[in-house]
Amino acid sequence: MKYYFAVICPFLILNVFALDLQVKKNEFTVQTKRLSATVRDGNIIELRDIQQGIFWCESNLADYGIPSGLGVLSDIPNLRKTHIPWGEPTLNQHLSLDTPLLNYYKPTEQSKMSVRKEGDKILAIWQGLSNDIKTLENAELRIEFGEAKDGALTIRTAGINPKKNVFGIPLPLINIPNHVKFIFANFGGMEYDGFGTPGLMPFGGAPFVEAPLMILQQEGGNSLGLWMEDPSIRPFYVFFRRSGKSISLAMENLALMPFENNVDFFSPELKLDVFKGDWKTAATPYRDWYREYFKNELAIRDNVKWVDQIKAIFDIYMNVPDDNTLSSMAENYPASKVMFQVWNARAPSFDRELPDWTPREGYIDGVSRLHKYGFKVMAYVNTYCANY
């Protein structure tokens, strides 16, 4: 793979169909009919709703620190730390603001930046990336912008590292004022703002993040959505950072494991748009796409009627209760309304040695006994199917 870098004038304005482009030193601004987005070092540092005159990201805050740049696996313990699945601050599971981001290689003042027109797209490229300790001179980060038929700003990220180990790329929106509400599909729906415990909060995999959809909402009935319409539902993470000065968020697209042989990475298309209405309005485009694209699967799911009858779920870590216990439960609970969930049905310890799916000794017999008493049963499956 080879990229070519254009020579950029100190200040240049190009019209690219419906997209306008303004380029300055180390940053550029892409503009649709509805949105103006300024990008610096791979971060969206300023974001403005042109029609409403509302700033969603304010560049004067200059508050960096959320994962950005090209993800290159350099430190596995640090990767594990920054990708805990549930960074909830009320449970003290968030990361401190000074947590090193050793696996993220970002553009710097020394990087070679180019921005150019490619048909109806705008392509930005940074060559030479650093994690503040080490510089990968031949690594590159790319961001491509376009405009969808519905007027949304489309964004694709890509990157290359000839020395391999590429695991993904986050798309950060930073410098968001503290009063703005951040809403996403976490246990059905969660809201954060800038006035709680400072920290970096990762979220990955259901139920910690249940859809590739991130929403911002301001008072007065205005909202913004960042989402992916990805039929293959490729893996992703969500990051939320609260510094006390501002809030930031990032949607990180991930490669499939293992990462060690990955020279490059290309993300699905993300969409960014503003809406006159609350979070439900901003969620509508993703919801409508999902319902239409997966309508056959949804019809099959909705035809499984026994699921609607379940009123109680009993969690089991490993071992199904003995027959005396199950018999007593069947006498006291209508079996058709009860389901058991087994959290570790595999022989290895919980969430270890994936993707080894060898059943734990006694699990198959336990399922048979649950069925004998009329209970439904399911086993937990790590949706990533592999881990580090």
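Residues numbered from 1 in each chain as written. Predicted model: local features only at pLDDT ≥ 70, side-chain atom pairs only at ≥ 80, totals over all residues. Heavy atoms only, no water.

> In this structure, what is going on with the overall build of the chain? I would like to understand it.
Regarding its fold elements, the chain presents 5 helices and 24 strands. Its C-alpha atoms give the chain a radius of gyration of 23 Å, within 12% of the compact-globule value 21 Å for 388 residues. Sequence-distant contacts, at least 24 apart, represent 67% of the contacts inside the chain between residues at least 6 apart. Counting every atom, the chain has about 18,700 Å² of accessible surface; 52% of that belongs to carbon and sulfur. Taking the average place of the 41 positive charges on the side chains of the chain and the average place of its 45 negative ones, the gap between the two points comes to 3 Å. (Helix = DSSP H or I, 4+ residues; strand = E, 2+ residues; numbered from the N terminus. Rg over C-alpha atoms; globule rule 2.2 N^0.38 Å. Contact = heavy atoms within 4.5 Å. Areas by Shrake-Rupley, 256 points an atom, 1.4 Å probe, with all protein chains shown as cover. Lys, Arg positive; Asp, Glu negative; His and termini not counted. Charge placed at Lys NZ, Arg CZ, Asp CG, Glu CD.)

> What is the right way to read empty space enclosed by the protein from this model?
Sizing a probe to match a water molecule and rolling it over the atoms shows the empty space that remains. Here the structure, examined in full by the defined rule, presents 2 cavities of 30 Å³ or more. Around the largest cavity sit Trp 343, Asn 344, Ala 345, Arg 346, Phe 350, Asp 351, Leu 354, Trp 357, Tyr 380, Val 381 and Asn 382, which together line it. Looking at the lining of the largest cavity, its residues break down into 7 nonpolar, 2 polar and 2 charged. Every residue along the wall of the second largest cavity is listed here: Gly 42, Gly 69, Leu 141, Ile 143, Thr 157, Ile 169, Pro 170, Leu 171 and Pro 172. Elements supplying a minimum of two residues to the lining of the second largest cavity: strand E10 (135–147) and strand E12 (166–176). The element contributing the most residues to the lining of the second largest cavity is E12, with 4 residues. For the lining of the second largest cavity, the class distribution of residues is 6 nonpolar, 3 polar and no charged. (1 Å grid on protein atoms, 1.4 Å probe; cavity = no way out; pocket = protein on both sides within 12 Å on 5 of 7 lines; lining within 4 Å. Points joined across faces, edges and corners; volume = space filled by probe spheres on them. Nonpolar A, V, L, I, M, F, W, Y, C, P; charged D, E, K, R; others polar.)

> What is the right way to read the sheet that holds strand E24 (residues 376–379) from this model?
In sheet architecture, strand pairing relies on hydrogen bonds along the backbone and comes in two forms, parallel and antiparallel. Strand order in the open sheet made by the 3 strands is E22-E23-E24, with parallel pairing throughout. Unpaired on one side and paired on the other, strand E22 (312–316) and E24 mark the two borders of the sheet. When strand polarity is set aside, the average angle formed by the axes of neighbouring strands in this sheet is 25°. As paired elements, strand E23 (residues 338–342) and E24 share 4 bridges and run parallel to each other. Residue pairing in the sheet places Gln 341 in a bridge with Met 378 of E24. Along the sheet face, helix H5 (residues 363–372) touches E23 and E24 and points at about 155° away from the line of E24. (Pairing = 2+ DSSP bridges. Axes fitted to C-alpha atoms, helices over the stretch in contact; angles between N-to-C directions.)

> Just to check I follow, could you spell out the nonpolar core for this structure?
Counting residues in each nonpolar core, the largest one holds 72 residues, and the members touching the most others are Phe 28, Leu 47, Leu 173 and Leu 272. Take this core: its biggest share by element is 7 residues, from E12. Excluding residues within four positions of it along the chain, Leu 47 makes contact with Leu 35, Ser 36, Ala 37, Ile 54, Phe 55, Trp 56, Cys 57, Leu 173, Leu 224 and Leu 272. Of all hydrophobic cores here, the second largest spans 14 residues; its members include Leu 326, Val 342, Val 367 and Phe 375. (Core = buried A, V, L, I, M, F, W, Y, C linked by side-chain atoms within 4.5 Å. Buried < 20%, exposed > 50% of the residue type's maximum accessible area, 1.4 Å probe, protein only.)

> Whenever I open this one, the packing of aromatic side chains confuses me. Can you help?
The geometry of an aromatic ring pair is captured by two quantities: the separation of the ring centres and the angle between the planes. Throughout the structure, instances matching the rule amount to 28 aromatic pairs. Geometrically, the ring pair formed by Tyr 104 and Phe 167 is edge-to-face, given 5.7 Å between the ring centres and 75° between the ring planes. Pair noted here: Tyr 104 is in strand E8 (residues 104–118) and Phe 167 is in strand E12, with a separation of 63 residues, a long-range link. An identical accessibility class is assigned to Tyr 104 and Phe 167; each is buried. Measuring from ring centre to ring centre gives 5.7 Å for Trp 289 and Tyr 293, while their planes differ by 25°; the resulting arrangement is stacked. Here the residue Trp 289 and the residue Tyr 293 both occupy positions in helix H2 (residues 279–293), the gap between them amounting to 4 residues, near one helical turn. For Trp 289, a relative accessible area of 17% translates into the label buried. Grouping aromatic residues by their ring pairs yields a cluster made of Phe 182, Phe 184, Tyr 192, Phe 203 and Phe 240. The side chain of Arg 346 reaches across the aromatic face of Trp 357, ending 5.7 Å from its centre. (Phe/Tyr/Trp six-rings, centres within 6.5 Å; stacked < 30°, edge-to-face > 60°. Lys NZ or Arg CZ within 6 Å of the ring centre and 35° of its normal.)

> Before we go on, may I ask you to explain the side chain of Arg 116 in this structure?
Among the structural elements, Arg 116 can be located in strand E8. Residue classification places Arg 116 among the buried residues on the basis of a relative accessible area of 19%. Side chain to side chain, Arg 116 and Glu 118 meet in a polar contact 2.9 Å long. (Polar contact = N/O pair within 3.5 Å; in protein donor to acceptor, adjacent residues only side chain to side chain.)

> Would you mind going over the pattern of salt bridges with me for this structure?
Close approach of charged atoms allows side chains of opposite charge to pair. Within this structure, the stated rule accounts for 18 salt bridges. One salt bridge connects Asp 230 with Arg 234, and the closest N-O pair in it is separated by 2.9 Å. Given the relative accessible area of 6%, Asp 230 is considered buried. Connected through salt bridges with shared partners, the residues Asp 323, Asp 365, Arg 369 and Lys 372 form a single ionic network. (Salt bridge = Lys/Arg side-chain N within 4 Å of Asp/Glu carboxyl O.)

> Sorry, what's going on with the side chain of Asp 193 here?
On the secondary structure map, Asp 193 appears in the loop between strand E14 (190–192) and strand E15 (199–203). On the basis of relative accessible area, Asp 193 is assigned to the buried category, the value being 17%. Here Lys 181 takes part through its side chain, which lies 3.1 Å from a polar atom of the side chain of Asp 193. Residues in contact with Asp 193, not counting those within four places in the same chain, are Asn 178, Val 180, Lys 181, Phe 240, Arg 242 and Ile 247.

> Explanation requested: the pairing of strand E4 (residues 35–40) in the structure shown.
Walk down a regular strand and you will see the side chains alternate between the two sheet faces. Burial runs high along E4: 6 of the 6 residues are buried. Alternating positions in E4 separate into two faces, Leu 35, Ala 37 and Val 39 on one and Ser 36, Thr 38 and Arg 40 on the other, with burial throughout. Bridge count between strand E3 (residues 27–31) and E4: 5 bridges; the pairing is antiparallel. The residue of E4 that forms the bridge with Glu 27 is Arg 40. Hairpin connection of E3 to E4: 3 residues between the antiparallel strands. If you look at the hairpin formed by E4 and strand E5 (residues 43–49), you'll find 2 residues sitting between the two strands, and Asp 41 has a positive phi there, around 50°.

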